Amino acid sequence: MALKKLAEKLAEYNSRLEAGKAEKIKPSHVQKVLKKLRKKAADLEAEIDAEKNSDRKSRLVRKLGTAQESVKRAEWLLREID
């Protein structure tokens, strides 16, 4: 998901928040998720280093890419809501 689409979602969230149809996102909640995502990325890196099977290794690399992208989005969201 591109940052442009994320920005659109955040704008939509802000309008729902102003209308009283959504609860405020707390930075502590985002930080909690961010901590889990970073741990998952670190675990995947360690698993990639230890893996011998090239097929499994390539799947793990794709998973790592997804995890790293999720970390970037969470960091962006944290900056936007602070």
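The preceding data block contains the structure.
None of the values given here were measured: they were computed from a predicted structure. (Residues numbered from 1 in each chain as written. Predicted model: local features only at pLDDT ≥ 70, side-chain atom pairs only at ≥ 80, totals over all residues. Heavy atoms only, no water.)

## Here's the deal with the overall build of the protein chain
Where we set the bar: For the purposes of this entry, the term helix denotes a DSSP run of H or I that reaches at least four residues, the term strand denotes a run of E that reaches at least two, and both are numbered from the N terminus. With the radius of gyration taken over C-alpha atoms, the globule rule is written as 2.2 Å times the number of residues to the power 0.38. Throughout, exposure labels follow a simple rule: accessible area from a 1.4 Å probe, protein chains only, divided by the maximum for the residue type, with under 20% read as buried, over 50% as exposed, and the rest as partly exposed. Contact between two residues is taken to exist if any of their heavy atoms lie within 4.5 Å; hydrogens are not considered. The Shrake-Rupley method, run with a 1.4 Å probe sphere, supplies the accessible areas, and residue values consider only the shown protein chains as cover. A positive count includes Lys and Arg, and a negative count includes Asp and Glu. His and the chain ends are not counted in either. By convention, charge coordinates are those of NZ in Lys, CZ in Arg, CG in Asp, or CD in Glu.
Helix and strand counts for the protein chain come out as three helices and zero strands. Going residue by residue from the N terminus, the α and β elements of the protein chain occur as α-α-α. For 82 residues, the compact-globule estimate of 2.2 N^0.38 gives 12 Å, and the protein chain exceeds it by more than 25% at 16 Å. By residue count, 22% of the 82 residues in the protein chain fall in the buried class. Sequence separation of at least 24 residues holds for 56% of the intrachain contacts in the protein chain that already meet a minimum separation of 6. Total accessible area on the protein chain is roughly 6,300 Å²; 52% of this is exposed by carbon and sulfur atoms. When the 22 positive and 14 negative side-chain charges of the protein chain are each reduced to one mean point, those points stand 3 Å apart.

## Description of helix 2 (residues 27-50)
Keep this limit in mind: By this rule the span expected of a helix is its residue count minus one, scaled by 1.5 Å.
In this model, helix 2 (24 residues) spans 35 Å end to end at C-alpha, consistent with the 34 Å of a helix rising 1.5 Å per residue. In the core, the buried residues of helix 2 are packed alongside helix 3 (54-81).

## Focus on the side chain of Ser70
Counted only if it meets this: Polar contact criterion, stated in full: a pair of N or O atoms within 3.5 Å, where within protein one must be able to donate a hydrogen and the other to accept it, and residues adjacent in sequence count only if both atoms are side-chain atoms.
By the secondary structure assignment, Ser70 is in helix 3. Classification of Ser70 by relative accessible area gives buried; the value is 16%. Among the polar contacts listed, one links the side chain of Ser70 to the side chain of Arg73, at a separation of 3.2 Å.

## Considerations on a positive patch on the surface
Rules: For patch detection, residues must exceed 30% relative accessible area and be free of salt bridges, and they are connected within 9 Å for like charges or within 5 Å for nonpolar side chains (Val, Leu, Ile, Met, Phe, Trp, Tyr). We count a salt bridge whenever a side-chain nitrogen from Lys or Arg sits within 4 Å of a carboxyl oxygen from Asp or Glu.
On the surface, Lys40, Arg59, Arg62 and Lys63 cluster together into a patch of positive charge. On the accessibility criterion, Arg59 (41% relative accessible area) is partly exposed.

## Comments concerning the pattern of salt bridges
Pairs can form between side chains of opposite charge whenever their charged atoms are close. Under the definition given, this model contains five salt bridges. Between Asp43 and Lys39 there is a salt bridge; the shortest N-O distance is 3.0 Å. Note that Asp43 and Lys39 are positioned in helix 2 at a spacing of four residues, about one turn of the helix. The class of Asp43 is partly exposed, set by a relative accessible area of 39%. One connected set of salt bridges, linked through shared partners, spans Glu47, Glu51 and Arg56.

## Examining helix 3
If you check helix 3, its first and last C-alpha atoms are 41 Å apart, about what 28 residues at 1.5 Å a residue would give, namely 40 Å. Restricting attention to buried positions, one finds in helix 3 the residues Leu60, Leu64, Ala67, Ser70, Val71, Ala74, Trp76, Leu78 and Ile81. You can read the cap of helix 3 off the contacts: a side-chain oxygen lies 2.8 Å from the backbone nitrogen of Asp55, and it is on Asn53.

These results come straight from atomic positions and should not be treated as a statement about function.
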